[in-house]
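In case you want the letters, here they are:
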Amino acid sequence: MKAKIFYSTLLTAMVVFLASMVMSVSCLYDYFGDLQKEQLRDELKLATIGVEEKGVSYLEDLDDERYRLTWVAADGDVLYDSGVDEDTMENHGDREEIRMAFTTGEGTAIRYSSTKMEQSIYYAQRLANNTVLRISGSRATIGVLLHGMVQPIAMVILLAMLLSVFLADRVAERIIAPLNKLDLENPLDNDSYEELTPILSRIYFQRQEIAENLSELERRKEEQEKLEHIRREFTSNVSHELKTPLQSIMGSAELIENGMVKQEDMPRFVGHIRTEAARLVKLIDDIIHLSRMDDGIHLPFETVDLLTIAHEAMEAIEDAAQSRNVKLSIKGESAVLKGVPRLLFELLYNLCDNAVKYNNQGGSVDIVLEQNEQEVSLSVSDTGIGIPQEELARVFERFYRVDKSHSKKSGGTGLGLSIVKHVAACHHAKVELQSTLGNGTTIRVIFPKK
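All values reported here derive from a predicted model rather than from experimental measurement.

Reading the values: rules and limits
Residues numbered from 1 in each chain as written. Predicted model: local features only at pLDDT ≥ 70, side-chain atom pairs only at ≥ 80, totals over all residues. Heavy atoms only, no water. Helix = DSSP H or I, 4+ residues; strand = E, 2+ residues; numbered from the N terminus. Polar contact = N/O pair within 3.5 Å; in protein donor to acceptor, adjacent residues only side chain to side chain. Phe/Tyr/Trp six-rings, centres within 6.5 Å; stacked < 30°, edge-to-face > 60°. Buried < 20%, exposed > 50% of the residue type's maximum accessible area, 1.4 Å probe, protein only. Lys NZ or Arg CZ within 6 Å of the ring centre and 35° of its normal. Patch = residues over 30% accessible without salt bridge, like charges linked within 9 Å, V, L, I, M, F, W, Y side chains within 5 Å. Areas by Shrake-Rupley, 256 points an atom, 1.4 Å probe, with all protein chains shown as cover. Salt bridge = Lys/Arg side-chain N within 4 Å of Asp/Glu carboxyl O. Pairing = 2+ DSSP bridges. Axes fitted to C-alpha atoms, helices over the stretch in contact; angles between N-to-C directions. Parallel < 35°, antiparallel > 145°, perpendicular 65-115°, else oblique. Left-handed = near helix turned anticlockwise from the far one by under 90°. Contact = heavy atoms within 4.5 Å. Nonpolar A, V, L, I, M, F, W, Y, C, P; charged D, E, K, R; others polar. Expected span 1.5 Å × (residues − 1). Core = buried A, V, L, I, M, F, W, Y, C linked by side-chain atoms within 4.5 Å.

A. The environment of Trp71, seen in detail. With respect to the helices, strands and loops of the structure, Trp71 is situated in strand E1 (residues 68-72). Spatially, the C-alpha atoms of Trp71 and Arg126 are 9.9 Å apart, while their sequence positions differ by 55 residues. For Trp71, the side chain forms a polar contact with the side chain of Thr131, separated by 2.9 Å.

Structure follows, in structure tokens:
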């Protein structure tokens, strides 16, 4: 870029210089040409007065080689010429300036000599005796003048080029210097040319966009790594969870197949196989349900009443509660919000199912609905075994069980609270957990109304 600025500046300077020189020479040439013509006119007037008073003797007494005087008779014959013997000269009656002088009183003409490379300027004036006096002078053409000035012109051009090179380099350096000092890390902090402001602004916003994109890519990378870790852990847990009931079923089936089970024990083994099969089906259903939510399968939202869904979930869990002598209750009024009824039922059913399974014989489960203008709060409280403080942060992990032996007996899959967490996230809800070991647990889900 500096080279382009340098050569552009140098070329501009040289063009301006040459144009200025040509215009100056042309103006001076025209000025001195006009001055010479005026001098010829003045000289002719003086000579006219002298010839009218003294005749040819006046002309013979003149000794000025700058001008040439010619005296022409009325018939065109040359009476006198200061430059050439008049006897050898031809008739001048046909000369333009002579004819004009005889006709109008004065005449002028300019003739170009290609051999001498000069112009001859002629002025003629008619005298009182009807003769014509003509004066002429030579003027070199502009080409001849320039030819004679080749050396000084060349010196001037050389000096002008050297000066132009120096100035062009300085100008290019001064133009480029602010550009070289641009801080592209902080584009808007530069104090440079006003014309660069749009470009620097674009650079700034592009840098911001690139930084945001990099941050987003980094975040996505971390999420992908986290999801990959969860997937591997999930796959490992699924394999383990599926393997346990299958091994139990296979063991019982082999004993029956080999005739190693007494007839009176047959109902117990068949019941065990049915229980483990039911547990396996429940586990597979929960896994499929979670996988669908992980894949982002969205169901249409509609207006729902959490109180109605709470009653439906309580009816679904009633038999299990009665088998453990657990009392169920619902407190609160109608709470309407936008949601997916099926998912909200899953959330409430899993909360109530956990509250019953991990409760004590003769305990209670309370569902409480509260609301204000901005949100609806749903809480499920039990009087069960509770959760140790050090394990509160992990209870929403998949397949995580606080009391593994109790979960196995109750048929728990370790996926209930994971489903609760997913459903809450789908509804932009917050989940809060409070628990005291041996005194029960309360899980509160807070839904925004909008």
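B. Geometry of the packing of aromatic side chains. Here the structure, examined in full by the defined rule, presents one aromatic pair. Summarising the aromatic geometry, the rings of Phe345 and Tyr349 are spaced 6.0 Å apart at their centres and angled 25° between planes, so their arrangement reads as stacked. Taken together, the positions of Phe345 and Tyr349, both in helix H9 (residues 341-357) and four residues apart, correspond to about one turn of that helix. Among the residues examined, Tyr349 registers a relative accessible area of 24% and is labelled partly exposed. The lysine or arginine in question, Arg111, covers the ring of Tyr122, its NZ or CZ lying 4.0 Å from the ring centre.

C. Up close: a nonpolar patch on the surface. On the surface, Leu28, Tyr31, Phe32 and Leu35 cluster together into a nonpolar patch covering about 420 Å² of accessible area. For Tyr31, the position within the fold is in helix H1 (residues 2-54).

D. Expanded view of the pairing of E1. Within E1, four of the five residues are buried, leaving the element largely enclosed by the surrounding structure. Bridge count between E1 and strand E2 (residues 78-81): three bridges; the pairing is antiparallel. For Trp71, the partnering residue across the bridge sits in E2 and is Tyr80. Connecting the antiparallel pair E1 and E2 is a turn made up of five residues, with Gly76 showing a positive phi of about 100°.

E. Examining the packing of helix H8 (residues 306-323) against H9 more closely. Across the interface, H8 lies against H9 with an axial gap of 9 Å and an inter-helix angle of 40°. Taken together, the axes of H8 and H9 are oblique relative to one another. Judged by the twist between their axes, the crossing of H8 over H9 is right-handed. Packed against H8, whose contacting residues are Leu306, Ile309, Ala310, Glu312, Ala313, Ala316, Ile317, Ala320 and Ala321, the element H9 presents Pro341, Leu344, Phe345, Leu348, Tyr349, Cys352, Asp353 and Val356 at the interface. The residue inventory of the contact of H8 with H9, partitioned by class, reads 15 nonpolar, no polar and two charged.

F. Looking closely at unusual backbone geometry. A positive phi angle is found at Asn130, which is not glycine, with a value near 65°. You can see Asn130 is positioned in the loop between strand E4 (118-126) and strand E5 (132-140). Residue Asn130 is classed as partly exposed on the basis of its relative accessible area, which comes to 39%. Look at Asn325: it is not a glycine, yet its phi comes out positive at around 60°. Of note, Asn325 is situated in the loop between H8 and strand E7 (327-331).

G. The pattern of salt bridges, seen in detail. Under the counting rule described, the total for this entry stands at nine salt bridges. Between Glu90 and Arg95 there is a salt bridge; the shortest N-O distance is 2.8 Å. Taking the relative accessible area as the measure of exposure, Glu90 reaches 54% and is therefore exposed. The partner of Arg444 in a salt bridge is Glu432, and the shortest N-O contact between them spans 3.7 Å. Taken together, the residues span a long stretch of sequence, with Arg444 in strand E12 (residues 440-448) and Glu432 in strand E11 (residues 430-436) at a distance of twelve residues. For Arg444, a relative accessible area of 24% corresponds to the partly exposed category.

H. Broad picture of H9. With 17 residues, H9 should reach 24 Å at 1.5 Å per residue; the first-to-last C-alpha distance of 24 Å fits that figure. Most of H9 sits inside the fold, with twelve of its 17 residues counted as buried. Within H9, the full set of buried residues consists of Leu343, Leu344, Leu347, Leu348, Asn350, Leu351, Cys352, Asp353, Asn354, Ala355, Val356 and Lys357.

I. Representation of the environment of Gly105 within the structure. Mapped onto the secondary structure, Gly105 falls in the loop between helix H3 (96-104) and strand E3 (106-113). Along the backbone, Gly105 and Arg126 are 21 residues apart, and their C-alpha atoms lie at a distance of 5.1 Å. Among all residues touching Gly105, those that are not within four sequence positions of it are Met100, Ala124, Gln125 and Arg126.

J. Layout of the side chain of Ser136. By secondary structure assignment, the location of Ser136 is in strand E5. Ignoring anything within four residues of it in the chain, the contact list for Ser136 reads Leu40, Arg66, Tyr67, Arg68, Ile121 and Tyr122.

K. Structural context of the sheet that holds E7. Spatially, the five strands line up as an open sheet ordered E7-E9-E10-E12-E11, and their pairing is mixed. Two strands bound the open sheet, and with one partner strand each, they are E7 and E11. Strand after strand, the sheet turns through a mean of 10° between neighbouring axes, direction not considered. Direction of pairing for E7 relative to strand E9 (residues 364-371): parallel, over a ladder of five bridges. Its bridge partner being in E9, Ile330 is matched across the sheet by Ile367. Strands E7, E9, strand E10 (375-382) and E12 of the sheet are contacted by H8, whose axis makes an angle of about 175° with E7.

L. Spotlight on the environment of Met14. Here Met14 is to be found in helix H1. According to the relative accessible area criterion, Met14 is buried, its value standing at 12%. Along the chain, Met14 and Ser164 lie 150 residues apart, while their C-alpha atoms are 7.2 Å from each other. The contacts of Met14, once residues within four sequence positions are left out, are Ile157, Ala160, Met161 and Ser164.

M. Quick peek at the nonpolar core. One finds Leu306, Leu347, Leu351 and Phe447 to be the most contacted residues of the largest nonpolar core, which totals 41 residues. When contributions to this core are tallied by element, the ones reaching two or more residues are H8, H9, E9, E10, helix H11 (416-426) and E12. With 14 residues, the next largest nonpolar core counts Leu40, Tyr67, Trp71 and Ile135 among its residues.

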